[in-house]
Each structure stands twice: as structure tokens, then as C-alpha cells.
2 protein chains.
Amino acid sequence: MNNFNFYSPTYFAFGKDREKEVGELVKRFGGSRVLLHYGGQSAQKSGLLDRVKESLTKENISFVELGGVKPNPRSGLVYEGIDLCKKENVDFILAVGGGSSIDSAKAIALGAVYEGDFWDFYEGSAKAVAALPVGTILTIAAAGSEGSPDSVITKEEGMLKRGAGTDLIRPKFSILNPALTQTLPAYQTACGATDIIAHVFERYFSNTEEVEVTDRLCEAVVLTMLKEVPRVIENPNNYDARANIMWAGMVAHNNIVGVGREQDWNSHGIEHELSALYDCAHGAGLAVIMPAWMEYVAEHHDCMRMAQMATRIFGCQMNFADPKATALEGIKAFRRFLSSIGMPINFEQLGAKEEDIPALVEKFGIGDGKTGGYVALDKNAITEIYQTAVRAELS
Amino acid sequence: MNNFNFYSPTYFAFGKDREKEVGELVKRFGGSRVLLHYGGQSAQKSGLLDRVKESLTKENISFVELGGVKPNPRSGLVYEGIDLCKKENVDFILAVGGGSSIDSAKAIALGAVYEGDFWDFYEGSAKAVAALPVGTILTIAAAGSEGSPDSVITKEEGMLKRGAGTDLIRPKFSILNPALTQTLPAYQTACGATDIIAHVFERYFSNTEEVEVTDRLCEAVVLTMLKEVPRVIENPNNYDARANIMWAGMVAHNNIVGVGREQDWNSHGIEHELSALYDCAHGAGLAVIMPAWMEYVAEHHDCMRMAQMATRIFGCQMNFADPKATALEGIKAFRRFLSSIGMPINFEQLGAKEEDIPALVEKFGIGDGKTGGYVALDKNAITEIYQTAVRAELS
């Protein structure tokens, strides 16, 4: 096991009706003038925004609003938010929504107290030293941004998707009410679930040895998802299944299951090019890419860790004479699961095109180099993974 | 799943040599004048205290010392620490040691800023509103106090063992270096491991339904212990096994595996009377009590959760015609495991006496009432559990 730091100081208020406490929580964490940041109409229509405003007003907290966050959130709205914060002397940013709203709020939090361009932090040319405090009210279990120090933003010029990460933008509090996710369409629910599973697998496939405790914790999260996701696809109003998924989504990404080990985020990276180009849901892209990545890995790494996944998570019988057969059986089971919850499993189902592969690889931007990770990838490897994703079928 | 709050803001610095960063961490969390609080000679002999002092001095942090913490830490030393803090204007308490040193440090932290008797917080007659900040350097994986808001102290008059819990005494930081635990004797290592497993099982046995995610996380921790503990008993210098156990010990008790569900701390309560009377190791007492408690529960509750434990954790085959048989098989496996790592499994091996049972039950102090929990217990039930623990054998 490697040395590590773990720091997850977010206060989580989990359960029914917890959004009614938001005013109190903003106050507790020092906010008096809030930017209320959200996406589309749903928070308005559902009455959630009204409940939030009521709670803020009750605590004498004033606010300005900025809606309109889109999936794969854009830099344009971030700039708008930064200007608004500076003009209105905002001292706290409250995101209401999913990972997109939260990531956009985090970017605004960084930019609002910075003289330069917030994008500096995303392209890595500056290191953040301050940020406004951020709180969240989560409405979809997916990105894990409610408990993470990360934010991913897409810059319109060139559709560049880049991330920034610093403890400065870890939410001070996150309100997780599973009931707020009950109105989500099945497709979005499944996309979120796939993202959660991917957050675990990106940590699970590691060359660091002797990491039993985090292996087991990773497996615990995915096993939970295998049980609970089909239940919410069948009955969107299943509060308890929603609750298990929502907490699993936080645990999957605040890094408690990933400490002390190298991680491999290549599937996320390879997917990011898909959602940047086609504006498809990140989770849907992951459903197509991740099993294809696994098949590549099964050909280029000893298969013991993949066989461990197959047996411990997907209930396969270990084939002691042929561990690779067990590994491949596990990948098949994973793809069947993804398809069963309504996820695409190949390019066609996702709406992606084989002829775009050279452009996707080019955008990935490693030139003649290699990525790090469980198996290092060069551009030929990435091409092969995209091609596998074109052809993937259930079996 | 029940509504819950989860808040674990401790900064964990995990790995080799991390104690050398203690001065920097005390400074980061606002300390300038430290009470260095520890137990016996081992921290001195090993050179750990010298390394700590060197790191503090390097950051211009002054300190006073108070050693002598005993297992099942006593109120006498707490009073001494409180006086010292007040006299010396201490602003930060640094515990170096195991749960006893940390719990004692937490008690001093509460008392040092309180006009009345710190025991008020332990007997529940006052509610804490402030405490000095506490940091820890952990030297045994066991109590989980390094990441918990709890402290247990024994008052000499009447040997009363009572706990206090508040976020005010959650450590600001905890340094976890598994190498520091390598010098522990096998018996102490196993006692600590048993305590860790008990922290999980006290959360696992719950009447709250629909808690798959925390069930799975609980199982993950115990499965880790089943693999790693025998390895350190065999080779005390196995750093990686020590590391997995150390992180498991934190995860077992910062409540990430216990949120959203009723918990049952009766085994801990029943054990506390043993360690208070005989001054035996808490973990050893738990090894005797917990399986006996499970046997009582198997007779007074449907056995499905116990059978889940048996199959998912101890690898038993589910007996679908007779779930209770599976449950009992799991309890047997648990007792065999405990014995295999050198733990006592009955009164005689622990050094406890059957004739003391009436006094133990009396001290437990529920009179003609009942405890709460997975199965509510009256004094007859508690008597029966102690008696089962007298007679327990391997099978």
C-alpha cells in the first residue's frame, strides 16, 4: 500500500426533506450572500427551488440566481457566474442539481476570487490558493462531485474538456435527499449509475499490491449497485434503492475506496472525447468504453485482478486452469448488466461514428507518448479500444 | 434507510514516516503550545517521542508532557491533564498512542475549556460547547478513536466506565503509520483486531431495512480483517498487512459503514463491565462476549441477517431449509477465527469468574428495564449471555 492523505471534511445531510435545512447550513458555513446556481426547469417545476429560497430567506440570507447549466458544463456560463459574484459581492455558492451544476459552481468559486482567467486552473497553468465556499443540493446520483475536490468544465473553443482538483472546492456541505432523484427518467438514472460504477473501477484496476481493504470497499460499492440499480429502473419511486445508490455514489468518489493505490482514469479520459464530440451523456459513453477498455487490458496484463472482479463482483466461478477465461466472463457479465439497465454498449447505440475515431484519438492528445495507468496506452491502443467499442455485442 | 448526518473532517496522513510531519500539522490546525499526552515507555524507547519533539521544535511549537495513560484510561490522569493545560496555557493536545491515550486526550480537551467537572459530559449531565483541538499519532489499530467523535473514560470511584461523544473532539488530524504498530505483541495486535471487527458487527446487526450499501461496506471491512490479521500474527513485520488493518480500523469506526441504520452496542456494553472489573483488554473481552451475544440473538430473532453474515463473510453455504443452521455455522466460524489469532473464547481463558455474573449484571445497570438494539435485552438475557460465555468451546 502506498502512503496517502485522506481528507473529506464535507458535512453530509442525508435523507428525506433535508433541503429544508439549507438556510441553516449556509449560515453555519459562513454564507450571507449566495449565488444560487442550477440547471434547467426541473428544479423550478418540482418546487425544489422555492423550498430552497424559503429556507434561505428564513435565515436572512440574500441570494442572486444563475440557472442554465447544461450537461458537460461550459466555460461561458462560468464566466457569467464569476462576473455576477464579483458584482454582487457573493460570499457563498450553492449548487442545486447534479454534477454539472456542482462542477460549474466549483469553477465559479475558483474564478470569483482570482484576478486571472479561471481556465488557468483547468489547463494547469496556475495553482489555486483560494475559493469561495460551495454547498450543494444533489438531484442525481452520478458524478460524486458532492463529496469530491474535482470539477470538469468544457471550453467552447475547441470543445476542450478539462478538470481541476483542489480541497479548496470540496463542498462545505452536501444535502442528499434520495426522494429528489425519484423523478429522473430511467435513462438518466442508469447513466448516473454507470458513472458511479466507473468511478470505482478506475480505482480498482491498479498495479499497487497489498490493497485488500480498498479492493473490498470497491467491491462493496459495485455489489450494491448491481442489486439496487435494476430496482429503480423497474420502480423509479423506490426510495430505499435510490438511497443506497445515492450514498454509494458519494462513497465511490470521495476517494475512501481509492486511497493508497495507483489509479487508472483512462476509461474516463477516452470517454471524455466522446461526450465532448457528441455531447452524449458521460455515463452512456462510459458504458460503451469501459468494457472495451477491459477487453484490451485482458489481452495486455495478467488477468488475476480482472478475474478477482469477475468472481467477487459478478459471481463468476474461478477457472483455475484459465484465469483469462474468468476475466472475459466477468467483462461479459458487466456488459450484460449495463445493457439490462438500458445503457448503450457500442458506437451505434451511443450515436457515435467509426469514422470519427482518428479525430477522437487526435483530441485525446498524447501524440506519440503513452498514458500512465494499469496498462499504459499509446494512440494505437486507444484506437483499438474505440474500435472494440464499435463492434461490441452482448454474448 | 434512515435519515442521517455524516461528518468526518479529520485529516488523515497515512504511511511510512508520516510522524515526521507532525509539527507542520499541529501548526496547520492552529496549535502553538502543545500538551503531549502518551502512555508508557514504548513510545519513549522506540524513539517515537523524540521524533515527535524534534518535529514540533522545528516548527517553533512548545510543549509540555503528560505520560502514564493506562489501558481503560482513568479520570485521575484526565484531571491532572486539565490542570496542566490551564496552568500552561496549552492550545492543542497531541495524543501519541492507542485508543486509551486518544480518549484521555479528548477528555482533557473537553475539560480544559470547561468551568465544571469534565465527568459531567460522561455522565450526561452537561453538553459540551467547546474543546481544545486534538491531533493524534496512532500506535495501535483498534479503537478507531483516531477518526471518531467518542471517548471512553473510567472513573476510579466505583470503576464506572462511561463515554462521551461530540464532533468537538474529533481529531483535527491523525497520523497513521503502520510501521509504528509492528512492535506490538501478537496478543495486543489480536485484541485490537477484535475490537475493529466488533465495531463493524455492532453496526451490522440492525433492524433497519434496506441498507445494502452499509451492509456491503461492513462486510468489506471484516473480510479484510479475516485475510490480514492471521498474516500479522504470523509475521509481525508485515507492513502491508498492518497497513490494511490500520485503515480498516479507521473505516470501521468513523461511521461511514454505519450511517442510516439503527446500531446495537450491547456487546460493547456487556464487555465494558468485564474490562472494568478485571482490567482485561477490551478486545479480549469482546472475543468472549460477542459470539455469546450472537448465539443469544440466533435464538431470539429470525436468523436471516446472521445467515447473511455467515455466507457473505465466513463463506458458509446457505442452508435454505434451515437458515438458523447457517447462522450458527457462521458464529462457530467466527469463534474459531478469534481463537486462531490467540483470543480467549470463554470466561476461564479471559480470567473471568462465573460467580461474578450477578455483580456484572448489576453493574450493567438496567435494573428491571431493557436495553435497545437488534434484540432488546433485560437482565435475564444479559445473565444468559455471560453464562454462554462461561461455557463457550470451539466446535
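Note that the structure is a prediction, hence the values are computed from the model and not measured. (Residues numbered from 1 in each chain as written. Chains lettered and ligands numbered in written order. Predicted model: local features only at pLDDT ≥ 70, side-chain atom pairs only at ≥ 80, totals over all residues.)

## Details of the overall build of chain A
Right, on to step 1. Check the secondary structure of chain A and you find 16 helices and 8 strands.
Right, on to step 2. Whereas a compact globule of 395 residues would reach a radius of gyration of roughly 21 Å, chain A reaches 21 Å, a difference of no more than 12%.
Right, on to step 3. Seen through its C-alpha atoms, chain A measures out along the principal axes to roughly 70 × 45 × 40 Å.
Right, on to step 4. Classification of the 395 residues of chain A by burial places 56% in the buried group. (Helix = DSSP H or I, 4+ residues; strand = E, 2+ residues; numbered from the N terminus. Rg over C-alpha atoms; globule rule 2.2 N^0.38 Å. Buried ≥ 20, exposed ≤ 12 C-beta atoms within 10 Å, placed from the backbone.)

## Examining unusual backbone geometry
Right, on to step 1. For Asn255(A), which is not a glycine, the phi torsion comes out positive at approximately 85 degrees.
Right, on to step 2. Examined against the element boundaries, Asn255(A) turns out to sit in the loop between α9 (239–251) and α10 (266–278).
Right, on to step 3. The phi angle at Asn72(B) is positive, at roughly 50 degrees, despite the residue not being glycine.
Right, on to step 4. One can find Asn72(B) in the loop between β3 (62–66) and α4 (75–88).
Right, on to step 5. The class of Asn72(B) is buried, set by 20 C-beta atoms lying within 10 Å.

## Observations concerning the nonpolar core
Right, on to step 1. Ranked by internal contacts, the top residues of the largest apolar core, which has 274 residues, are Ile93(A), Val221(A), Ile93(B) and Val221(B).
Right, on to step 2. Ile93(B) has contacts with Leu35(B), His37(B), Ala105(B), Ile108(B), Ala109(B), Leu132(B) and Val134(B), leaving out every residue within four places of it along the chain. (Core = buried A, V, L, I, M, F, W, Y, C linked by C-beta atoms within 7 Å. Contact = placed C-beta atoms within 7 Å.)

## Concerning the sheet that holds strand β2 (residues 33–38) of chain B
Right, on to step 1. Read from one edge of the open sheet, 12 strands run β3(A)-β2(A)-β4(A)-β5(A)-β8(A)-β1(A)-β1(B)-β8(B)-β5(B)-β4(B)-β2(B)-β3(B), paired in mixed fashion. Each edge of the open sheet carries a strand with a single partner, namely β3 (62–66) of chain A together with β3 of chain B. Sheet twist, expressed as the mean angle between neighbouring strand axes with direction ignored, is 25 degrees.
Right, on to step 2. Here strand β4 (residues 92–97) of chain B pairs with strand β5 (residues 134–138) of chain B via 5 bridges, running parallel. Across the sheet, Val96(B) pairs through a bridge with Ile137(B), a residue of β5(B).
Right, on to step 3. Helix-sheet contacts for helix α5 (residues 99–111) of chain A involve β2 (33–38), β4 (92–97) and β5 (134–138) of chain A, and the interaxial angle to β4(A) is about 165 degrees. (Pairing = 2+ DSSP bridges. Axes fitted to C-alpha atoms, helices over the stretch in contact; angles between N-to-C directions.)

## Quick look at the domain arrangement of chain A
All names here are of chain A.
Right, on to step 1. By domain assignment, chain A separates into domain 1 (11–180) and domain 2 (185–391).
Right, on to step 2. Listed as interface residues are 18 residues of domain 1 and, on the opposing side, 24 residues of domain 2.
Right, on to step 3. Taken together, the residues that form the side of domain 1 that touches domain 2 break down as 11 nonpolar, 5 polar and 2 charged. (Domains from an automatic or database assignment. Nonpolar A, V, L, I, M, F, W, Y, C, P; charged D, E, K, R; others polar.)

## Looking at the environment of Ala298(B)
Residue and element names in this part refer to chain B.
Right, on to step 1. When you line up the elements, Ala 298 lands in helix α11 (residues 282–300).
Right, on to step 2. Taking the C-alpha atoms as reference points, Ala 298 and Val 375, 77 residues apart in sequence, are found 9.8 Å from one another.
Right, on to step 3. Among all residues touching Ala 298, those that are not within four sequence positions of it are Cys 303, Met 306, Lys 324, Ala 327, Leu 328 and Ile 331.

## Points about the relation of the copies chain B and chain A
The operation relating the two chain copies consists of a rotation about an axis and a shift along that axis.
Right, on to step 1. Between the two copies, chain B and chain A, the superposition gives an RMSD of 0.0 Å; the rotation angle is 180 degrees and the shift along the axis is 0.0 Å. One copy is carried onto the other by what is essentially a two-fold rotation axis. Across chain B, the rotation axis passes nearest the C-alpha of Pro9(B), at a separation of 1.8 Å.
Right, on to step 2. Taken together, the interface assignments show that 100% of the residues at the interface of chain B recur at the interface of chain A, consistent with an identical surface on both copies. (Least-squares fit on C-alpha atoms with pLDDT ≥ 70 in both.)

## Description of the interface of chain B and chain A
Right, on to step 1. Each side of the interface is counted separately: chain B has 34 residues, and chain A has 34 residues.
Right, on to step 2. If you list the elements that add at least two residues to the side of chain B that touches chain A, you get β1 (4–14), α8 (212–234) and α9 (239–251) of chain B.
Right, on to step 3. Residue composition of the side of chain B that touches chain A, grouped by class: 17 nonpolar, 8 polar and 9 charged.

## A short note on the packing of helix α8 (residues 212–234) of chain A against α8(B)
Right, on to step 1. Viewed as axis vectors pointing N to C, α8(A) and α8(B) meet at an angle of 150 degrees, and their least axial separation amounts to 8 Å. Compared by their axis directions, α8(A) and α8(B) come out roughly antiparallel. Remark: the crossing between α8(A) and α8(B) carries right-handed chirality. Packed against α8(A), whose contacting residues are Glu212(A), Val213(A), Arg216(A), Leu217(A), Glu219(A), Ala220(A), Leu223(A), Thr224(A), Lys227(A) and Glu228(A), the element α8(B) presents Glu212(B), Val213(B), Arg216(B), Leu217(B), Glu219(B), Ala220(B), Leu223(B), Thr224(B), Lys227(B) and Glu228(B) at the interface.
Right, on to step 2. Here the contact of α8(A) with α8(B) is built from residues that sort into 8 nonpolar, 2 polar and 10 charged. (Parallel < 35°, antiparallel > 145°, perpendicular 65-115°, else oblique. Left-handed = near helix turned anticlockwise from the far one by under 90°.)

## Some words on α10(A)
Residue and element names in this part refer to chain A.
Right, on to step 1. Between its first and last C-alpha, α10 extends 19 Å over 13 residues, near the 18 Å set by a 1.5 Å rise per residue.
Right, on to step 2. In terms of residue burial, α10 counts as a mostly covered element, since 11 of its 13 residues are buried.
Right, on to step 3. Restricting attention to buried positions, one finds in α10 the residues Asn 266, Ser 267, His 268, Gly 269, Ile 270, Glu 271, His 272, Glu 273, Leu 274, Ser 275 and Ala 276.
Right, on to step 4. The inward-facing, buried residues of α10 contact β6 (150–155), β7 (160–165), α7 (186–204), α11 (282–300), α15 (357–364) and α16 (379–391).
Right, on to step 5. Downstream of α10 by a residue or two, Asp 279 has a phi angle that is positive, lying close to 55 degrees. (Expected span 1.5 Å × (residues − 1).)

## Looking at the pairing of β2(A)
Residue and element names in this part refer to chain A.
Right, on to step 1. The element β2 is largely enclosed, with a buried count of 5 among its 6 residues.
Right, on to step 2. Pairing of β2 with β3, which is carried by 5 bridges, proceeds in the parallel orientation. Its bridge partner lying in β3, His 37 is registered against Leu 66.
Right, on to step 3. Bridge count for β2 against β4 is 5 bridges, and the pairing is parallel. Bridge pairing in β4 places Val 34 opposite Phe 92.

## Description of helix α4 (residues 75–88) of chain A
All names here are of chain A.
Right, on to step 1. Its 14 residues give α4 an end-to-end C-alpha distance of 20 Å, which sits within 8% of 20 Å, the value for a rise of 1.5 Å per residue.
Right, on to step 2. Taken together, the buried positions of α4 are occupied by Ser 75, Leu 77, Val 78, Gly 81, Ile 82 and Cys 85. All buried residues of α4 fall inside an arc of 155 degrees around its axis, so they share one side.
Right, on to step 3. Residues of α4 that are buried in the fold lie against β2, β3, α5, α6 (119–123) and β6.
Right, on to step 4. Positive phi shows up at Asn 89, right after α4, with a value of about 55 degrees. (Arc of directions from axis to C-beta.)

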